[in-house]
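Results of the structural survey
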Amino acid sequence: MKRVLITGITGQDGSYLAEFLLSKGYKVYGLTRRTSTPNYERIKHIQDQIELLPGDLLDQQSLTSAVAKANPDEIYNLAAQSFVQTSWSQPVLTGEFTALGATRMLEALRQAKPGARFYQASSSEMFGKAHETPQNENTPFHPRSPYGVAKVYAHWITINYRESYDVFAVSGILFNHESPRRGLEFVTRKISHSVAKIHLKEQDHIVLGNLEAKRDWGFAGDYVEAMWLMLQQSKPDDYVVATGQNHSVKEFVQEAFKVIGISNWQKYVKTSKEFVRPAEVDFLIGDSSKARKVLGWKPKVNFRQLVRMMVESDIKLLEKNHR
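Residues numbered from 1 in each chain as written. Predicted model: local features only at pLDDT ≥ 70, side-chain atom pairs only at ≥ 80, totals over all residues. Heavy atoms only, no water.

**As for helix α6 (residues 187–199)**
- Between its first and last C-alpha atoms α6 spans 18 Å; for 13 residues at 1.5 Å apiece the expected length is 18 Å, and the two agree.
- Those residues of α6 not exposed but buried are T188, R189, I191, S192, H193, S194, V195, A196 and I198.
- Where α6 ends, the next residue or the one after it, K201, has phi of about 60°, a positive value. (Helix = DSSP H or I, 4+ residues; strand = E, 2+ residues; numbered from the N terminus. Expected span 1.5 Å × (residues − 1). Buried < 20%, exposed > 50% of the residue type's maximum accessible area, 1.4 Å probe, protein only.)

**Overview of the packing of helix α8 (residues 249–259) against helix α10 (residues 303–322)**
- Where α8 meets α10, the closest approach of the two axes is 9 Å, and the angle between their N-to-C directions is 55°. Here α8 lies oblique to α10, going by the angle between them. Two packed elements cross with a definite hand, and for α8 against α10 that hand is right-handed. Here α8 contributes E251, F252, E255, A256 and V259 to the contact with α10, which in turn contributes F303, R304, V307, R308, M310, V311 and E312.
- Its residues assigned to classes, the contact of α8 with α10 shows seven nonpolar, no polar and five charged. (Axes fitted to C-alpha atoms, helices over the stretch in contact; angles between N-to-C directions. Parallel < 35°, antiparallel > 145°, perpendicular 65-115°, else oblique. Left-handed = near helix turned anticlockwise from the far one by under 90°. Contact = heavy atoms within 4.5 Å. Nonpolar A, V, L, I, M, F, W, Y, C, P; charged D, E, K, R; others polar.)

**Comments concerning the side chain of R181**
- With respect to the helices and strands, R181 occurs in the loop between β7 (177–178) and α6.
- There is a polar contact of 2.7 Å between the side chain of R181 and the side chain of E19. (Polar contact = N/O pair within 3.5 Å; in protein donor to acceptor, adjacent residues only side chain to side chain.)

**Focus: unusual backbone geometry**
- Residue T133 is joined to P134 through a cis peptide bond whose omega torsion reads -10°.
- Even without being glycine, D166 reaches a positive phi, approximately 60°.
- With respect to the helices, strands and loops of the structure, D166 is situated in the loop between α5 (146–165) and β6 (169–174).

Right, here's the structure in full:
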């Protein structure tokens, strides 16, 4: 039986990946930080099938111990301070978690299980002010936030360990991927949750930032399969994972209101400077032809299905909370 260690197992991607690997027969270990209020909401349906180990990306010793205990064949480093907006107010902490956290995980692997295969969660935010459209594995990075900068560091340190220590280490450059498990601070989930509340007459409008920002949005459940496929190859490499289509925040809003039968969505939406980033990433769209060709991966859920899934899930969630 293959063994796996997932950092960030309680997050959106970690929970989908844990489910996916359980279905493949893996013994799943998850790293969790000791906090006064642990949030296991996303994994509670599989909690009895996984083993949680204490560890913190800021603490080298705890990571090395967790790797030694799990003795994994594969390590997926998904943990990070992953909210772009927060990275502006906490730039140093973002660097510690997102950049140096990846380095500590690679060190833990090198010291406790050098033969393990390593996946680093890279991000389309590394392209930032993109130098070409669409973006592929060779597009130069020009990050536009402390989060994007930290992800570039983590990406390059992963390549350095691969080249210097012969570690089987890969990076998945994932474009935006959403789901009903997305945190409420992310714009897509903020929209789906607010639209569900408007539908249930719990609020009458929603306040957003830049409606013109465009993103390449896919479904997180599809993207975790690409992560796994990268670690099954005969040689380590980096891959862009994306749908190859992009949509504006405005289109997301429009689709979300369509789910509840409202076409004049403008009357429910206000905009505020407060939610606009200091430096905006205008146009991200991924070219995932390498992943499609080499890994045989392709997204199954399209944009419209994703928006519907999120809105319907939030309506159910709110109705359940009322009961």
